[in-house]
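Architecture and fold: a report
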Amino acid sequence: MAKKPKDTQTGPATDAQGTDGAEKPPGRIKQLRMVAKVVRQQSPRSIPIAVAIGLGIVLLAVLIGFFTGSLLFAIPLGISIGLLAGFIVFTRSAQQVQYKMLDGQLGAGMAILQNMRGDWTVEPGVNANRSMDIVHRAVGRPGVVLVGEGDPHRLKQLIAAERKRVSRVAYDTPIYDVQVGNGDGQVKVSELQKRMLKLPRNLDKPRVAELRYRLKAMPAAVQTPRGPMPKGVKMPKPPKQNR
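Because the structure is predicted, anything quoted here is derived from the model rather than measured. Each chain carries its own residue numbering, running from 1 in the direction its sequence is written. Per-residue local features of the predicted model are confined to residues with pLDDT of at least 70, and side-chain atom pairs are confined, for both listing and counting, to 80 or more; whole-chain, interface and lining totals are unaffected and use all residues. Hydrogens and waters are ignored; side-chain quantities use all the structure's heavy atoms.

Attention shifts here to helix α5 (residues 152-167). Secondary structure follows DSSP: runs of H or I at least 4 residues long count as helices, runs of E at least 2 residues long count as strands, and numbering of each begins at the N terminus. Helix span is expected to be 1.5 Å times the residue number reduced by one. Taking 1.5 Å as the rise per residue, α5 with 16 residues should run 22 Å; its terminal C-alpha atoms sit 22 Å apart, in good agreement. Under the scheme applied here, a residue whose accessible area is under 20% of the maximum for its type counts as buried, over 50% as exposed, and between as partly exposed, the area being computed with a 1.4 Å probe on protein chains only. Taken as a whole, α5 has its buried residues at L155, L158, I159, E162, R165 and V166. The buried residues of α5 occupy one face: seen down the axis, they fall within an arc of 115°. Exposed residues pointing more than 90 degrees away from the buried face of α5 are listed as H153, K156, Q157 and K164. Looking at the buried side of α5, the elements it contacts are β1 (121-128), β2 (134-140), β3 (143-149), β4 (175-180) and α7 (205-216). Counting of polar contacts relies on pairs of N or O atoms within 3.5 Å, with two restrictions inside protein: one atom must be capable of donating a hydrogen and the other of accepting it, and residues adjacent in sequence are counted only when both atoms are side-chain atoms. Sitting at the amino-terminal end of α5 is D151, which places a side-chain oxygen 3.1 Å from the backbone nitrogen of H153. Directions from the helix axis toward the C-beta atoms define the arc. The contact definition used throughout considers only heavy atoms, calling two residues in contact when any of these lie within 4.5 Å.

Okay, structure coming up:
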């Protein structure tokens, strides 16, 4: 799973429910039930198919064990393989449902980046404009990847500006850019993780660590607006900067 940049400030310890009143995150069993509920609503056939595949493998193992005289060995093996196969089918169905629900929504690319496999550090919203076009930055073994979400024409200028900023500190480091969307030249949400994982590994771990350090020291591109604020409008918090 991708890493988030570490915050220099540490908050007070919390109990099971949190001292600030926040509820404790749900456990794995509860999360699995929640995912299963969503999958059943969005793709009703997925769970029955996963169960049928698992039971089919168990039945096949029992038949093989019966005819070969090795039931004591075949039954536990069939159950293990059947559970694994059913779970794999279920997780793939859940992933497809997730892609379907995220498709076309602002922040879909960021959701995929934060749950991506591998040693990635993701910085959300490093650059943006008033039209809600936004650029995220991911750092890993391939180098720097700028992921844009929004209008393709406006994103070209936004990504170019961020590329120029990054190139000032990322010396001789490959910089890639990807636009998430369904337009021409854009990458679909369901294909984003695959595209990222196909990038070549250009840097070793020490160089990646040095690159992350230099990028953290870089001033933020999205600044707090200046001037008087209208009445009734709250001032947004500026991005945190490391000292």
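Paired strands are those between which DSSP finds at least two bridges. Ordered by their spatial adjacency, four strands build an open sheet running β1-β2-β3-β4, and the pairing between neighbours is mixed. Edge positions in the sheet fall to β1 and β4, since each has one partner strand and no second. The average angle at which neighbouring strand axes cross in this sheet is 25°, direction not considered. Sheet topology note: the β2/β3 ladder contains seven bridges and is antiparallel. Opposite V139, over in β3, you have V144 as the bridge partner. Here an axis means a line fitted to C-alpha atoms, over the contact stretch when the element is a helix, while the angle between two N-to-C directions is reported on a 0 to 180 degree scale. Where α5 meets the sheet, it contacts β1, β2, β3 and β4, and its direction lies at approximately 155° from that of β4.

At M132, a residue that is not glycine, the phi angle is positive and equals roughly 70°. Considering the arrangement of structural elements, one finds M132 in the loop between β1 and β2. Taking the relative accessible area as the measure of exposure, M132 reaches 54% and is therefore exposed.

Quick look at the packing of aromatic side chains now. Pairing of aromatic side chains requires ring centres within 6.5 Å, counting the rings of Phe and Tyr and the six-membered ring of Trp. Pairs whose planes differ by under 30 degrees are stacked, by over 60 edge-to-face, and all others tilted. Enumeration according to the criterion identifies one aromatic pair in this entry. Judged by centre distance (5.4 Å) and plane angle (80°), the rings of F66 and F67 are edge-to-face. Per residue, the accessibility class of F66 equals that of F67, and both read exposed.

What follows covers the pattern of salt bridges. Should a side-chain nitrogen of Lys or Arg be within 4 Å of a carboxyl oxygen of Asp or Glu, the pair is scored as a salt bridge. For the structure on display, the rule yields seven salt bridges. The partner of E162 in a salt bridge is R165, with the nearest N and O atoms 3.1 Å apart. Of this pair, E162 and R165 both sit in helix α5, three residues apart, which is roughly one turn of the helix. Considered together, E162 and R165 belong to a single accessibility category, that of buried residues. Three or more residues are tied together by salt bridges with common partners; here these are R137, E162 and R165.

On to the environment of I47. Position of I47 relative to the elements: it lies in helix α2 (residues 46-68). Judged by its relative accessible area of 23%, I47 falls in the partly exposed class. As for I47 and F87, which are separated by 40 residues in sequence, their C-alpha atoms are 9.6 Å apart. With residues up to four places along the chain from it excluded, the contact list for I47 reads A36, V39, R40 and F90.

What follows covers the side chain of E149. Counting through the fold element by element, E149 comes out in strand β3. Within the structure, E149 has its side chain in polar contact with the side chain of H136 (distance 2.7 Å).

With five bridges connecting them, β1 and β2 associate as antiparallel partners. Residue pairing for β2: N127 is matched across the bridge by V135. Between β1 and β2, which pair antiparallel and follow one another directly, the connecting turn spans five residues, one of which, M132, has a positive phi of 70°.

Together, L59, L63, F66, F67, L71, I75, I79 and L83 make up a nonpolar patch on the protein surface, roughly 820 Å² of accessible area in all. For the nonpolar patch, the secondary structure elements donating two or more residues are α2 and α3 (71-102). On the basis of relative accessibility, which here comes to 69%, the residue F67 falls in the exposed class. Patch definition: residues above 30% relative accessible area lacking any salt bridge, with like charges linked at up to 9 Å and the nonpolar side chains Val, Leu, Ile, Met, Phe, Trp and Tyr linked at up to 5 Å. In these tables, accessible area is a Shrake-Rupley quantity obtained with a 1.4 Å probe, and a residue counts as shielded only by the protein chains included in the view.

pLDDT runs from 0 to 100 and stands for how confident the predictor is about each residue. Summary statistics for the protein chain give a mean pLDDT of 77 and a share of 74% for residues scoring 70 or more. Low pLDDT (under 50) marks residues 8-16, which in the prediction has four contacts with non-local residues, meaning those over four places away or in another chain. Low confidence marks residues 223-231, where pLDDT is under 50. Its contacts with residues over four positions away, or in another chain, come to six contacts.

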